[in-house]
Structures are given as structure tokens and as C-alpha cells.
Amino acid sequence: MNPSKLNFIVIDDSKLDCFIAEKIIRNTGRSESIKSFLHATDALEFIKNNTQDTSEFKTILMVDIQMPIMNGFDFVEAFDKLENVNRENFIIYVLSSSINENDLNRVRYLSSVIQFLNKPLTSNTLSALLDMIN
Amino acid sequence: MKGSEKIKILYIDDEVNNLNGFKAAFRMDYNILLAENTVIALELLEKNADIRVIVSDQRMPNQTGVQFFQSILTTFPKPIRILLTGYTDIEAVIDSINMGHIFRYIRKPWNEMDVVSALEEANKFYLAESILNSKNKELQKAYDELDKFAYSVTHDMRGPLLSILGAVDLSKNMEDINEIKYMLSMMEKSVLKLDNFIQSVHEYYNLKRGELHIVNVNFNEIIKDLLDMYEISGKLNAIKFTTTVNQQSTFRSDEMFLRIILNNLLSNSFKYYRKDIDNRFVNLIITVATHEAIICVNDNGIGIPEEHIGEIFKMFYRATNEETGSGFGLYNVSDALSKLNGNIFVDSKLNEGTRFKVVIPSK
């Protein structure tokens, strides 16, 4: 049986990092769709406007921490407050270059975040993650 | 000693004769404030924040000197305390030293030499304490800044490096030469971003540690260098760069600091241009009047959202998602300006442009 397809959302203010993530995701062959956003606010807007999405697939969301205007923590907080969103459908990872203790601890306490991932994202890490999701 | 320079001493004693005697003996050298009870003493302390030394009698009807000193331990910690007593009451002395933070103890009847020496020592101690206090504050500020610095530096240096690492890893399995070339151009941007950041750190360090080096500044010379520097990036993005210098008189300032200010303002103008218009411009006007230089940098770029204008001079603050910003530039500008006693004014409209006006006095 083939593993199920997934929707992907990548939020990172670095164009190159978005590009890398998109490539790696595409290479896994599991992407139904990939959306990347340089601004966390745009991603939030997108999610808000697509609450009626009856997609049968889960959405993997990867968000960076340090970004101007709205950082990763602000984003998760705002996401948690969104109404009419089927949270069950979202699997959220933080993908960051941060090695700061405070950041790591803060991520641990975010109940809606599954795991902290170190940059750069590699095919091996992503494959291992996706193998756990059916 | 001039009147204005006399240090303020508060003397508390319930006997009016003692008060008058003390004032008569020391008023030439000190600004003596008198209180015949501790209630008046408190009022005087509240009104005179610059009282450096408090001399108090121990035996007073309502409150002893030690009790008074103890009561003002947290409310007025700064003035140095001296206790006067006619009784060789060793308990009082021990108490006073332990509980009232007493600096000196003078036996009554006092002789002038003892009092003068105690006052002078107290004043020295006061000055040393205030220097220590302000140094500690500076140190705390430096620590706070260092924390912030370390946090952002790891992000701003690791960020581009890890991007490149990710790109290298990805390129290993790429066959399409065009795709590889595209990756290389993206990696180049990351390298430039990192280099730009390191240069800003270098500027930051120069500003923090640098002593002012005041010379006669010729703005025409500086402009020549700036024109060379920005001509290329101007051509690249079709931005018209015009400069006007009107320098009639000599202007004395630190040239490196001026260059840091000009460079950061200009590089922002060249960086944050509007992609949706054709007649892009950056305009630099420098006018040197008798005692000051006025520098104006105008552009018709993306502008700064109103709600962010108050924040743009803070370290690592970035008001835009444009990738190239380090959040260092305008912080360095305001740091340099504070050293040159200059001021900066910003006038900006989103999607219309930004105008920075800098006024720097000649040194």
C-alpha cells in the first residue's frame, strides 16, 4: 500500500531555505501540494482562507523561529487562536538554526508543535519523519 | 571653593546651640543644612537629593541617630552617615555601624580637625560610590546588550551558513546545470548577506570602542567615494543617484563615524527600492552651515510602516521581510550620532518613500 499524500506549508523568511525545503519535499514523492511563505502573516492568512478545505490529506507545517514582523512563536500563538480550523489536520514542526536554550525550551512547551528540527532540512530527516505519518 | 561647588551636608541635633556652632564652623567650606529633629531632616532629604553627608547626634528625644539612620536605609541609601555622640556608649557605636551603615563616628565635643577630616573622607567615599554605581549600570547595560548580541549573532551567522550547507547537500543530486546555476546564485546571496553582517559587527565594534578622531571634514571628498560605491548598485536596479554638497565653512567631526552614518542611510535607500516603479531615485543633500552639517537622504522606496518608525533604531529590529537586512544599520547610525551629539529625523510613507534628516554640530 502506498503511503498517503500530504500537503506542505513552509514558512521561512529566507528564500533559499524555502527553496531547499520545497525541493526536498518534492523529492519524497509524498507531496499533494507545497506552499511556501516568506511572511508568517501571509501563511496565517492562507490558512484562515482555506478552512473549508475538505482535503483528505494532512498538512505538514514547518515554521522558522526568527523572522521579522511575525516570528515563529507569534505565528504558533496566532495559529492556536484561529477559529474554524481543523487542528487535527495540521502537524507542526519548528525548523530553525537556533541553538539558544530559551528558544528550545519555549518550543518544548508549545503543545501544538510536534518537534524541533535543526536546519538545514535534509532528505534523511524528512523521510524519517514522514515514515511515521500514514 | 565657589558657592555652587560646595557640597551639601545635613546636620541633625536637638540642641540649637550645637546646630548654630556647627554651621558657624563649617559654612565657609560646605553648604550646611540644619535640622533640629529627624522629621525636619527627612523633609530636607526629600527636597535635596544632592545631600552627600548626614551628620547626626545620637541622643535625641524622639528618635536616636542610629534609629534615624536605620529608618532611611532603603529610602535614602546614598548619603554617607556620620554619628556624633557625647557618651562613650559602645553599644550605640556597634549598633550604628552594623545597622545604620555608619561611615564614621565622632566623639562630642568635636574638634574641627576631626570633623573636617571625616567630612572629606565621607565625600570621597560618596564620589567613589557614585562612580561605582554608574559603572555598574553601564556594565549591566553592556551585559544585556551582549546577551541580545550573542542571540542574534548566532542566528545571523548560522542562518546563511546553514542555508548554504542545505543547498550544497541538495546540489549533490542535481543533474540539471541550470538548476545548479540557480542554486549557486542563491548561495552567493547568502554569502553576501553573511559578509554584510560581519561588516556591520565590525562597525558596531568600532563605534563602541572607538575614540573620536576629530578632523576637518571635506564632504566633497566623502561624496566622491560614495558615488563610486553606489553607482554600481544604482545602475543594477535603475536607481538614479544625485548628490548636492553645499559646504562654505569648515566642519570638524569624526570622518569614520560620518561615513558609517552616510553608508548605512544610503545602503538602506538602495536596498529598499520599489520594484513597481521606473523613476527610482536616491537623493543626498549635504549643507554645512556655520556650526552644523545637515544631511538629507531622500528616496522613493518602499517606505516604513508608521507603526514601526519608533522601533527602527533599536538593535536587530527589522521592519521588513526583505532578506538583506541585518537589523544593525540604523542602530549603528544612532549610536554614531549619539557620539557626535547629532540628531536624526525620519519622515516616511509606506509605498511612497523615506526621508532621513541628520543634524550634526561641528566639534
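For the structure, see preceding data.
Residues numbered from 1 in each chain as written. Chains lettered and ligands numbered in written order. Predicted model: local features only at pLDDT ≥ 70, side-chain atom pairs only at ≥ 80, totals over all residues.

**Describing the sheet that holds strand E9 (residues 280-288) of chain B**
All names here are of chain B.
Then step 1. Read from one edge of the open sheet, five strands run E7-E9-E10-E12-E11, paired in mixed fashion. Two strands close off the open sheet at either side, each with one partner strand: strand E7 (239-247) and strand E11 (343-349). Going across the sheet, the axis of each strand differs from the next one's by a mean of 10°, ignoring polarity.
Then step 2. For E7 and E9, the ladder comprises nine bridges, and the chain directions are parallel. In the strand pairing of E9, lysine 240 is matched with phenylalanine 281.
Then step 3. Strand contacts of helix H7 (residues 219-236): E7 and E9, with the helix running at about 180° to E7, the strand carrying the most contacts. (Pairing = 2+ DSSP bridges. Helix = DSSP H or I, 4+ residues; strand = E, 2+ residues; numbered from the N terminus. Axes fitted to C-alpha atoms, helices over the stretch in contact; angles between N-to-C directions. Contact = placed C-beta atoms within 7 Å.)

**Some remarks on the environment of B:Gly301**
All names here are of chain B.
Then step 1. Here glycine 301 lies in the loop between strand E10 (292-299) and helix H9 (329-339).
Then step 2. Given 23 C-beta atoms within 10 Å, glycine 301 falls into the buried group.
Then step 3. Note: C-alpha distance between glycine 301 and leucine 350 (49 residues apart in sequence) is 8.5 Å.
Then step 4. Look past the residues within four positions of glycine 301 in its chain and what remains in contact with it is Ser269, Tyr272, Tyr273, Arg274, Gly353 and Thr354. (Buried ≥ 20, exposed ≤ 12 C-beta atoms within 10 Å, placed from the backbone.)

**What about the nonpolar core?**
Then step 1. Ranked by size, the top nonpolar core spans 35 residues in total, and within it A:Ile11, A:Ile20, A:Ala21, A:Ile24, A:Ala40, A:Met62 and A:Val63 carry the most contacts.
Then step 2. In terms of residue count, helix H1 (residues 15-28) of chain A provides more of this core than any other element does, seven residues in total.
Then step 3. Residues contacting A:Met62, with those up to four places away along its chain left out, are A:Val10, A:Ile11, A:Ala21, A:Tyr93 and A:Leu95.
Then step 4. Among the nonpolar cores identified, the runner-up in size contains 34 residues, and B:Phe257, B:Tyr273, B:Ala293 and B:Val333 belong to it. (Core = buried A, V, L, I, M, F, W, Y, C linked by C-beta atoms within 7 Å.)

**Some words on unusual backbone geometry**
Then step 1. For the bond running from A:Lys119 to A:Pro120, omega is -5°, close enough to zero to count as cis.
Then step 2. With respect to the helices, strands and loops of the structure, A:Pro120 is situated in the loop between strand E5 (113-118) and helix H5 (123-131).
Then step 3. Looking along the chain, the bond that leaves B:Lys108 and enters B:Pro109 is cis, with omega of -10°.
Then step 4. Tracing the chain through its elements places B:Pro109 in the loop between strand E5 (102-107) and helix H5 (112-171).
Then step 5. Look at B:Asn341: it is not a glycine, yet its phi comes out positive at around 60°.
Then step 6. With respect to the helices and strands, B:Asn341 occurs in the loop between H9 and E11.
Then step 7. One non-glycine residue, B:Asn351, adopts positive backbone phi at about 65°.
Then step 8. Considering the arrangement of structural elements, one finds B:Asn351 in the loop between E11 and strand E12 (353-361).
Then step 9. Under the C-beta neighbour-count criterion, B:Asn351 is labelled exposed, with 12 such atoms within 10 Å.

**Observations regarding the interface of chain A and chain B**
Accessible area lost when the parts come together is the quantity often used to give the size of an interface.
Then step 1. In this assembly, 22 residues from chain A lie in contact with 19 residues from chain B.
Then step 2. Considering only residue class, the side of chain A that touches chain B consists of ten nonpolar, seven polar and five charged. (Nonpolar A, V, L, I, M, F, W, Y, C, P; charged D, E, K, R; others polar.)

**Quick word on the sheet that holds E5(B)**
Residue and element names in this part refer to chain B.
Then step 1. With parallel pairing, five strands are arranged side by side in an open sheet as E2-E1-E3-E4-E5. The two strands at the open ends of the sheet, each matched to only one other strand, are strand E2 (31-35) and E5. Direction aside, the axes of adjacent strands within the sheet are offset by 20° on average.
Then step 2. Bridge analysis of strand E4 (residues 80-85) against E5 gives five bridges, and the strand direction is parallel. Paired with isoleucine 82 across the two strands is arginine 104, which belongs to E5.
Then step 3. In the packing of helix H2 (residues 38-47) onto the sheet, contacts are made with strand E1 (8-12), E2 and strand E3 (51-57), and the angle to E1 comes to roughly 165°.
Then step 4. Strands in contact with H5 are E1, E3, E4 and E5; relative to E5, the strand with the most contacts, it is inclined by about 175°.

**Concerning the pairing of E4(B)**
Residue and element names in this part refer to chain B.
Then step 1. Extensive coverage of E4 is indicated by the burial of six of its six residues.
Then step 2. Side-chain alternation along E4 places Ile80, Ile82 and Leu84 on one buried face and Arg81, Leu83 and Thr85 on a second face that is also buried.
Then step 3. For E3 and E4, the ladder comprises five bridges, and the chain directions are parallel. Bridging from a neighbouring strand, isoleucine 54 pairs with arginine 81 of E4.
Then step 4. Viewed along the sheet, the connection from E3 through helix H3 (residues 65-71) into E4 turns out right-handed. (Right-handed = clockwise from strand over helix to strand, strands pointing away.)

**A short note on helix H8 (residues 255-271) of chain B**
Then step 1. Over its 17 residues, H8(B) runs 24 Å from end to end, which matches the ideal 24 Å to within 8%, given 1.5 Å per residue.
Then step 2. Of all 17 residues that make up H8(B), twelve are buried, and the element is covered over most of its length. (Expected span 1.5 Å × (residues − 1).)

**Examining the pairing of strand E2 (residues 31-37) of chain A**
Taken residue by residue, a regular strand's side chains alternate between the two faces of the sheet.
Residue and element names in this part refer to chain A.
Then step 1. Note that strand E1 (residues 6-11) and E2 share six bridges and pair parallel. Directly across from isoleucine 11, in E2, lies its bridge partner phenylalanine 37.
Then step 2. Following the chain from E1 across H1 to the adjacent parallel E2, one finds a crossover that is right-handed.

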